[in-house]
Every structure is written in C-alpha cells, then in structure tokens.
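Spelled out, the chains give:
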Amino acid sequence: GRFRGEIEFRNVWFAYEGEDWVLKDVSFKVEPGETVALVGATGAGKTSIINLICRFYDVNRGQILVDGVDIRDMRQSDLRRQIGVVQQDVFLFSGDIKYNIRLNDTEIDDEKIREVARYTNAHRFIETKPNKYDEEVTERGGTLSAGQRQLLAFARALAFDPAILILDEATSAVDTETESLIQDALEKITRGRTTIIIAHRLSTVQHADKIIVLHKGRIRECGTHEELLEKRGLYYKLYLL
Ligand code: M5T
Ligand code: MG
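So, a few notes on the structure that sits alongside this text. (Residues numbered from 1 in each chain as written. Chains lettered and ligands numbered in written order. Predicted model: local features only at pLDDT ≥ 70, side-chain atom pairs only at ≥ 80, totals over all residues. Heavy atoms only, no water.)

**A look at the pairing of strand 4 (residues 61-66)**
For step 1, the next point in the chain: Where strand 1 (residues 7-15) lies against strand 4, five bridges are found, and the strand directions are antiparallel. When the bridges of strand 4 are listed, W13 appears paired with R61.
For step 2, the next point in the chain: Note that strand 4 and strand 5 (residues 69-70) share two bridges and pair antiparallel. Across the sheet, the residue bridging to L65 is D70, located in strand 5.
For step 3, the next point in the chain: Two successive antiparallel strands, strand 4 and strand 5, enclose a turn made up of two residues, where D67 displays a positive phi of approximately 50°. (Pairing = 2+ DSSP bridges. Helix = DSSP H or I, 4+ residues; strand = E, 2+ residues; numbered from the N terminus.)

If you want it as structure tokens, here you go:
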C-alpha cells in the first residue's frame, strides 16, 4: 500500500567512510503531508540528510523511520517507489526524453509518461523539441536548459506518485519563464505529499510548514519563517543580512 509519509530522524550520527562526523545527533519529525525546508551554509550536511533517506548511505548511529519503520528493514523497491528524489545536479542519461522519465521501469507506458510530464509542466517544453518525447539528450543535457532538466527530473520523480518527495533545489540560474514554470510545478507536486526540500530561494523556504536550520552537522534552529525571524538567530542572518 501507499506510505502515509511520516519521516523521523532519531539521534542520527553519520560520517562518510573514514571522515569526521557530518551529521551529529540529528533528530526531527516530519508529519505526513508536511513540507520541511532544510537550510544552512555549504557543507552543513543538507545533502547528506537526503543521501541517508534515500539509503545511498546508512547511518552510523541512531535511526531513520518512515511510517514508524526503520528504513533498513524496508524493501529497497518500496523505498524507490514511495520516495521521489530530485537531486541538486540533475543527472540525465543518454537516450530519449521518454527514457529519461521512465528509466528502466517498463510499467510506465507512454500514456503515463505524458501524464506526469503534463503534471510537472515538462510537457510544454518537450512539445517544442523537434522529436518531442523521442528527442535524444546527453548526460550533460544536450539541448536542454538547466530549468528544462529540472522539470524533466520532476517528471521522473513523480512517475510512481510517491508519498514522499525529496528535493535538492538547483542553485543554477534559470530564465524567468522557466522559473515560474518550476515554481508552479513545485506547488502542485508537493501538495498532498510529505516533502523535504533543500531550499536556496527565500520564496521556497518561506512557504514551508517548518524550517530546519543546520549548522556544522547539527540542528541549530527549527520553526516557521516567522518564528525564526523573531528569534534573530542563524536563519535571520542567513536570509536577511
Ligand atoms: C557535508 C562531506 C562534505 C562536507 C560534509 C555529499 C558528500 C559530502 N561530503 C563527503 O565527504 N562526501 C559526500 O558524498 O560532507 O556535505 P553536504 O551534506 O553535501 O553539505 P550541504 O548539502 O549542506 O552543502 P551544499 O554545498 O550543497 O549547500 O564536509 O565535504
Ligand atoms: Mg548539498
């Protein structure tokens, strides 16, 4: 069945092989359907949190629970279907646009590909390509702009209608038209899903139900935009100075 989408970090400690601690005693809980923004300076550990939820790595100490179950006890195939991920640097495969949306999941047919592409606003730019859904792209994007790669990545992440969405917001600049398509897609695709978003834009952060401020691998502050501004702490400094 579908996950409810509750995520909990319980006293998580993590280090990459042979390195210093990257996450130190990190605990937080995301309720089903909530949107949580992770913010913090470069190297604070934001991407590492995502790497752990996706099980690209496992924790050294503590636990990560999804719907109350330790993710180490879950089937990898369930996690893959119920957690949609868009990484910071959108990775494409050489092949056509269709392939880049469905990858090796043959269950996703052409109809489904179009449906998710429409849903994520990718359809519009795909229609402008000479070969449309059969347009070939390269690993580095080929004829696609950074924003178009982002929309394509949304479509791929949404293909299985995941209960949980993990987004590492791209830092690269996109044109204003694509920016508004992305913003519009974001509002749509996060609705009804638990979302963890590493946000670089204040516009994205402000809309989150909860903001977690990381500093050198620890949670420094947590609250809504208004609460954190009131505090005049690190968030205030990061976003308003
Ligand atoms: C936190 C190190 C990185 C930094 C710390 C992803 C990754 C990170 N690190 C590795 O050694 N190996 C890795 O594969 O871990 O890094 P982060 O989690 O990537 O930080 P961030 O996402 O908050 O930073 P940024 O620049 O994306 O805003 O010491 O060297
Ligand atoms: Mg990062």
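**Overview of helix 1 (residues 46-53)**
In an α-helix there are 3.6 residues to a turn, and that puts residues three or four apart on one side.
For step 1, the next point in the chain: Along helix 1, seven of the eight residues are buried, which leaves the element largely enclosed by surrounding structure.
For step 2, the next point in the chain: Where helix 1 is concerned, the buried positions are K46, S48, I49, I50, N51, L52 and I53.
For step 3, the next point in the chain: R55 lies just past helix 1 and shows a positive phi near 60°. (Buried < 20%, exposed > 50% of the residue type's maximum accessible area, 1.4 Å probe, protein only.)

**Things to note about empty space enclosed by the protein**
For step 1, the next point in the chain: The tally for this structure, following the rule as stated, stands at two cavities of 30 Å³ or more.
For step 2, the next point in the chain: Taken as a whole, the largest cavity encloses approximately 50 Å³ of empty space.
For step 3, the next point in the chain: Q150, F154, L167, D168, E169, I182, L186, I197 and R201 together form the lining of the largest cavity.
For step 4, the next point in the chain: Those elements that provide at least two residues to the lining of the largest cavity are helix 6 (146-158), strand 9 (164-168) and helix 7 (176-190).
For step 5, the next point in the chain: Its residues placed into classes, the lining of the largest cavity shows five nonpolar, one polar and three charged.
For step 6, the next point in the chain: The calculated volume of the second largest cavity comes to roughly 40 Å³. (1 Å grid on protein atoms, 1.4 Å probe; cavity = no way out; pocket = protein on both sides within 12 Å on 5 of 7 lines; lining within 4 Å. Points joined across faces, edges and corners; volume = space filled by probe spheres on them. Nonpolar A, V, L, I, M, F, W, Y, C, P; charged D, E, K, R; others polar.)

**So, the site of ligand 1**
For step 1, the next point in the chain: Taken together, 13 residues are adjacent to ligand 1, and T42, G43, K46, T47 and S48 come closest.
For step 2, the next point in the chain: Between an oxygen atom of ligand 1 and a main-chain N or O atom of A44, the distance comes to 3.3 Å.
For step 3, the next point in the chain: In this structure, T47 approaches ligand 1 through a side-chain N or O atom, which is 2.8 Å from an oxygen atom.
For step 4, the next point in the chain: Of the residues forming the shell around ligand 1, the biggest block, four residues, is contributed by helix 1. (Near = heavy atom within 4 Å. Polar contact = N/O pair within 3.5 Å; in protein donor to acceptor, adjacent residues only side chain to side chain.)

**Regarding the pattern of salt bridges**
For step 1, the next point in the chain: Using the criterion set out here, one finds 15 salt bridges in the structure.
For step 2, the next point in the chain: The residue D161 makes a salt bridge to R2 at a minimum N-O spacing of 3.6 Å. Residue D161 is found in the loop between helix 6 and strand 9, and its partner R2 is found in the segment before strand 1; the two are separated by 159 residues along the sequence.
For step 3, the next point in the chain: Take R2: its relative accessible area is 45%, and that puts it in the partly exposed class.
For step 4, the next point in the chain: Where R55 meets D58, a salt bridge forms, and the shortest distance between an N and an O atom there is 2.8 Å.
For step 5, the next point in the chain: For R55, a relative accessible area of 22% translates into the label partly exposed.
For step 6, the next point in the chain: Judged by relative accessible area, which is 34%, D58 ranks as partly exposed.
For step 7, the next point in the chain: What you see here is one network of salt bridges that share partners, running through R2, D161 and R193. (Salt bridge = Lys/Arg side-chain N within 4 Å of Asp/Glu carboxyl O.)

**Structural notes on the nonpolar core**
For step 1, the next point in the chain: By size, the foremost hydrophobic cluster in this structure holds 42 residues, and its most contacted members are F154 and I211.
For step 2, the next point in the chain: In terms of residue count, helix 6 provides more of this core than any other element does, seven residues in total.
For step 3, the next point in the chain: Every residue in contact with F154, bar those within four places of it in the chain, is listed here: V86, T120, L167, I182, A185, L186 and I189.
For step 4, the next point in the chain: Core analysis: the next-biggest nonpolar cluster, separate from the first, contains 32 residues, I53, V59, I166 and I196 among them. (Core = buried A, V, L, I, M, F, W, Y, C linked by side-chain atoms within 4.5 Å. Contact = heavy atoms within 4.5 Å.)

**Thoughts on the sheet that holds strand 1**
For step 1, the next point in the chain: Strand order in this open sheet of four strands is 2-1-4-5, and the pairing throughout is antiparallel. Two strands lie at the open edges of the sheet, namely strand 2 (21-30) and strand 5, each paired on one side alone.
For step 2, the next point in the chain: In this sheet, strand 2 lies alongside strand 1 in antiparallel orientation, the contact comprising six bridges. When the sheet's bridge partners are listed, F14 is paired in strand 2 with L23.
For step 3, the next point in the chain: On the sheet, helix 1 packs against strand 1, strand 2 and strand 4 and is oriented at approximately 65° with respect to strand 2. (Axes fitted to C-alpha atoms, helices over the stretch in contact; angles between N-to-C directions.)

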